[in-house]
Amino acid sequence: MPEIALKVENLSKHFIIRNNAFSKKKIIKAVEKINFEVATGESLGLIGESGSGKTTVANLLVKLLEPSEGTIRLFGKDITHLSEESMRPYRCDIQIIFQYSQAMLDPKMTINELLREPLEIHQVVSQHQIDDEVNRLLKMVGLSETEKAKFPSQLSGGQNQRILIARAIATRAKVIICDEPVSSLDVSIQGQILNLLMRLKQELDLTYIFISHDLNVVKHMCHRIAVMYQGEIIEIGPTEKVLSNPQHQYTQKLIHALL
Amino acid sequence: MDNRLLEINNLKISFYHQHRSIQVVRGFDLSLNNREIVGIIGESGSGKTVSATSILKLEDETQSIDSGTIIFNGINLLELSEKEYQKIRGNQISYIFQNASSALNPYKKIGLQLTEVLRNHKLPFSKNIVLDVLKEVGIEEADTSYDMYPFQLSGGQNQRIMIAQGIISKPDLLIADEPTSSIDASLKRTVLDLLKKINQKSHMAIIFITHDFEAAKYLCEKLIIMYGGLVMEEGEVNEIFAKPLHPYTEELIKCANSLTQGDLNVYTLEGTAPTPLQFKEECPFISRCKMKLPECSFGIPKMTTLGTRKVRCIKYETR
């Protein structure tokens, strides 16, 4: 029985919206009491339409947002209410890759600096090994050392996505949350990134939580999928089973909507 | 034939970058009949958006059109003054931008942004007209959305607002720049169906810019494939998918199919597309082409017409 990498119980996030200072408060339940667990080495796909709460879940898992309710356990350790300071060591284990790689990288930092940053913050390797480590990371994600002096704006979308992936694996992360990692890329580049993610998963025994609205991509990448609708997980199960025999009405609609 | 709505010939566009002029679009031709849907497919940097925005002259001072003609309804748009252009822009030709959330004004409520389109073009406006358009594009709570700001809506909803803004003035031509790229699978079909419905009901011709093969196949009748600032292949959608002529098209279709078929290793095209700075006087696909010949580097291949189709590859050039 493989170890449970991530376990989420009754996780909720409510936002309070006020149109103006005098109007009544309105509570938006972005995520409502969701439960799931992911074993090490497994990849779980999270699908659902925009506004269904997929990205909110991603942000909750890496604690970019404070949950309203529920618990998140990372390798058995409850990280739900850890302070910024005490969360830091756990951030090495769980990393996130965002959709718009260009926007996520500091435009004034070179690729070298961008890759050094996580290594220095988390003190992954000793100071004199950092240069070698940067080269190793570049090689792992299929980039050459000549890119080191460049800025993100000088690289293509696919190359920037590779840099984001390199930053995520730099801290020896075991769980990586991929929030639409390929949806802004061209068809010919998409495959390259998916193959890279697959290869890294095998080499480093990674656990993925894969958020995408492209069912073909999810089908390719994930063992299990969870379908989100209006903040709740309405269906979860092995990919083949969910796609071939969807139980919930919404899942049926979603699969039917595929071109 | 009087049915011709838009005819673009040999369009070349340059950008002024770091004290020199760089040509990003090196040859763009397009002919579009009334009520037709044409898709432009290409990777990022292939010049599809630049070509399309030039139809509306939405250029800034760093961009210039070097040569070519854009004939819309019998008028050469490139000869019009800015004032004359304003009568066409948004009124006869609408543009739906790619990233809806940043293309909408964050300070204005949805209702006002839509009313503004009508008011600016001196068309009759009322809340009911706006609500009808919102319902038409599938915004369920039209009344509530009318009083909301763009940031309060999701990406998919903002995309529909953009479409609403594009169709509210009932133009002859709608240019949709990647309208489905930021929304999810369940909505993609809805948006494409919506565009189809608009095309049939309001008789709008549509230029659909995308990098999504499936979407293009679903929506378009004709397809233009761009690479490296050039149109590489042009023809009916079904014919292109049944028998791609250009090696690039062939590879692209292989890539797209590989993912759908569930191959363990996705088929990919190695390397990246050349950026305008790397453009040379040769076939832009040369570095990734598996069928390249020494002749490929002797200059940009010419467009060859083969029946109803056109292709830019030396394989088909008659010697």
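Residues numbered from 1 in each chain as written. Chains lettered and ligands numbered in written order. Predicted model: local features only at pLDDT ≥ 70, side-chain atom pairs only at ≥ 80, totals over all residues. Heavy atoms only, no water.

Participant: What am I meant to see in the overall build of chain A here?
Facilitator: Across its full length, chain A carries 10 helices and 10 strands. For chain A, the C-alpha atoms occupy an extent of roughly 55 × 45 × 45 Å along the three principal directions. Residue burial in chain A is summarised as follows: out of 259 residues, 55% are buried. A fraction of 66% describes how many contacts in chain A between residues 6 or more apart in sequence connect residues 24 or more apart. Total accessible area on chain A stands at roughly 11,800 Å², and carbon and sulfur atoms take up 50% of it. In chain A, the 30 positive side-chain charges and the 30 negative ones have mean positions that sit 4 Å from each other. (Helix = DSSP H or I, 4+ residues; strand = E, 2+ residues; numbered from the N terminus. Buried < 20%, exposed > 50% of the residue type's maximum accessible area, 1.4 Å probe, protein only. Contact = heavy atoms within 4.5 Å. Areas by Shrake-Rupley, 256 points an atom, 1.4 Å probe, with all protein chains shown as cover. Lys, Arg positive; Asp, Glu negative; His and termini not counted. Charge placed at Lys NZ, Arg CZ, Asp CG, Glu CD.)

Participant: I would appreciate a short explanation of the overall build of chain B in the present structure.
Facilitator: Per the secondary structure count, chain B includes 11 helices and 12 strands. The globule rule puts the C-alpha radius of gyration for 319 residues at 20 Å, and the 20 Å found for chain B is close to it. For chain B, the residues scored as buried account for 54% of the 319 residues in total. When contacts within chain B are restricted to residue pairs at least 6 apart in sequence, those whose partners lie at least 24 apart make up 64%. When the accessible surface of chain B is split by element, carbon and sulfur atoms take 50% of a total near 14,400 Å². Taking the average location of the 37 positive side-chain charges in chain B and that of its 39 negative ones, the two points are 1 Å from each other. (Rg over C-alpha atoms; globule rule 2.2 N^0.38 Å.)

Participant: When you look at the interface of chain A and chain B in this model, what are you seeing that I'm missing?
Facilitator: Note on interface size: it is often stated as the accessible area lost on association of the parts. Contacts between the two partners involve 31 residues from chain A and, on the opposite side, 35 residues from chain B. Together chain A and chain B conceal approximately 2,700 Å² of surface at their shared face, both sides included; 55% is due to carbon and sulfur atoms. Between the two partners, chain A and chain B, sit 3 residue pairs in polar contact (both at pLDDT 80 or more). Secondary structure elements with two or more residues in the side of chain A that touches chain B: α7 (187-204), α8 (215-221) and α10 (249-256) of chain A. Broken down by element, the side of chain A that touches chain B gets its largest block of residues, 8 residues, from α7(A). The class makeup of the residues in the side of chain A that touches chain B is 12 nonpolar, 15 polar and 4 charged. (Buried area = accessible area lost by both parts, 1.4 Å probe. Polar contact = N/O pair within 3.5 Å; in protein donor to acceptor, adjacent residues only side chain to side chain. Nonpolar A, V, L, I, M, F, W, Y, C, P; charged D, E, K, R; others polar.)

Participant: Even after reading the chapter, I still don't get empty space enclosed by the protein, so can you show me in this structure?
Facilitator: The full count for this structure, using the stated rule, is 3 cavities of 30 Å³ or more. Taken as a whole, the largest cavity encloses approximately 90 Å³ of empty space. Residue composition of the lining of the largest cavity, grouped by class: 9 nonpolar, 1 polar and 2 charged. (1 Å grid on protein atoms, 1.4 Å probe; cavity = no way out; pocket = protein on both sides within 12 Å on 5 of 7 lines; lining within 4 Å. Points joined across faces, edges and corners; volume = space filled by probe spheres on them.)

Participant: Looking at this structure, how should I read the sheet that holds strand β5 (residues 77-78) of chain A?
Facilitator: Across a sheet, paired strands are connected by hydrogen bonds in the backbone, their directions being either parallel or antiparallel. Residues and elements named next belong to chain A. Across the sheet, 4 strands lie side by side as β2-β1-β4-β5; this open sheet has antiparallel pairing. Of all strands in the sheet, those with a lone pairing partner are β2 (26-39) and β5, marking the two edges. Two strands pair when backbone bridges link them, and strand β1 (residues 4-17) and β2 are joined in this way by 10 bridges, in the antiparallel orientation. The residue of β2 that forms the bridge with Ile 16 is Ile 27. (Pairing = 2+ DSSP bridges.)

Participant: Looking at this model, I keep getting lost on the sheet that holds strand β10 (residues 232-238) of chain A. Mind explaining?
Facilitator: Residues and elements named next belong to chain A. Across the sheet, 6 strands lie side by side as β6-β7-β8-β3-β9-β10; this open sheet has mixed pairing. Edge positions in the sheet fall to β6 (94-97) and β10, since each has one partner strand and no second. With direction set aside, neighbouring strand axes in the sheet form an average angle of 15 degrees. The sheet contact formed by β6 and strand β7 (residues 175-179) spans 4 bridges and is parallel. Note on β7: the bridge partner recorded for Ile 96 is Ile 177. Across the sheet, helix α6 (residues 157-170) touches β6 and β7, and the angle it forms with β6 is around 175 degrees. (Axes fitted to C-alpha atoms, helices over the stretch in contact; angles between N-to-C directions.)

Participant: Before we go on, may I ask you to explain the packing of aromatic side chains in this structure?
Facilitator: For any pair of aromatic rings, the description consists of the separation of the ring centres together with the inter-plane angle of the planes. Residue and element names in this part refer to chain B. Using the criterion set out here, one finds 7 aromatic pairs over all chains in the structure. When the centroid spacing of 5.3 Å and the interplanar angle of 90 degrees are considered together, the rings of Tyr 227 and Phe 285 count as edge-to-face. Of this pair, Tyr 227 sits in strand β9 (residues 222-227) while Phe 285 is found in the loop between α11 (247-261) and β11 (304-306), placing the two residues 58 residues apart along the sequence. Like Phe 285, Tyr 227 is buried. Taken together, Tyr 227, Tyr 248 and Phe 285 form an aromatic cluster joined through their ring pairs. The positively charged end of Lys 196 is found above the aromatic ring belonging to Tyr 218, 4.3 Å away from the centroid. The ring of Phe 241 is capped by Lys 217, whose NZ or CZ atom sits 4.8 Å from the centre of that ring. (Phe/Tyr/Trp six-rings, centres within 6.5 Å; stacked < 30°, edge-to-face > 60°. Lys NZ or Arg CZ within 6 Å of the ring centre and 35° of its normal.)

Participant: Quick question: what am I supposed to make of the nonpolar core here?
Facilitator: Nonpolar side chains in soluble globular proteins tend to end up buried together. Membership of the largest hydrophobic core comes to 59 residues, with the highest contact counts inside it found for B:Leu134, B:Ile163, B:Ile167, B:Phe208, B:Leu223 and B:Phe285. The residues contacting B:Phe285, other than those within four sequence positions of it, are B:Tyr227, B:Met232, B:His246, B:Pro247, B:Tyr248, B:Glu251 and B:Leu269. If you look at the next biggest cluster of nonpolar residues, it comprises 52 residues, including A:Leu105, A:Leu164, A:Ala173 and A:Cys178. (Core = buried A, V, L, I, M, F, W, Y, C linked by side-chain atoms within 4.5 Å.)

Participant: Please explain the packing of helix α4 (residues 110-120) of chain B against helix α7 (residues 155-167) of chain B as it appears in this structure.
Facilitator: The relative placement of two packed helices is expressed as an angle between their axes plus a distance between the axes. Residue and element names in this part refer to chain B. As a packed pair, α4 and α7 sit with axes 9 Å apart at the nearest point and diverge in direction by 20 degrees. Relative to α7, α4 is oriented roughly parallel. Of the two elements, α4 crosses α7, and the hand of that crossing is right-handed. The residues of α7 that touch α4, namely those facing Ile 110, Gln 113, Leu 114 and Val 117, are Ile 161, Ala 164 and Gln 165. For the contact of α4 with α7, the residue count by class is 5 nonpolar, 2 polar and no charged. (Parallel < 35°, antiparallel > 145°, perpendicular 65-115°, else oblique. Left-handed = near helix turned anticlockwise from the far one by under 90°.)

Participant: Help me understand the state of the cysteines, please; the structure alone is not making it clear to me.
Facilitator: By definition, a disulfide links two cysteine residues through a covalent bond between their sulfur atoms. Residue and element names in this part refer to chain A. Under the criterion given, the structure shown has 0 disulfides over all chains. As a non-bridged cysteine, Cys 222 has Cys 178 as the owner of its nearest cysteine sulfur, 8.7 Å distant. Given a relative accessible area of 7%, Cys 222 falls into the buried group. (Disulfide = S-S within 2.5 Å.)

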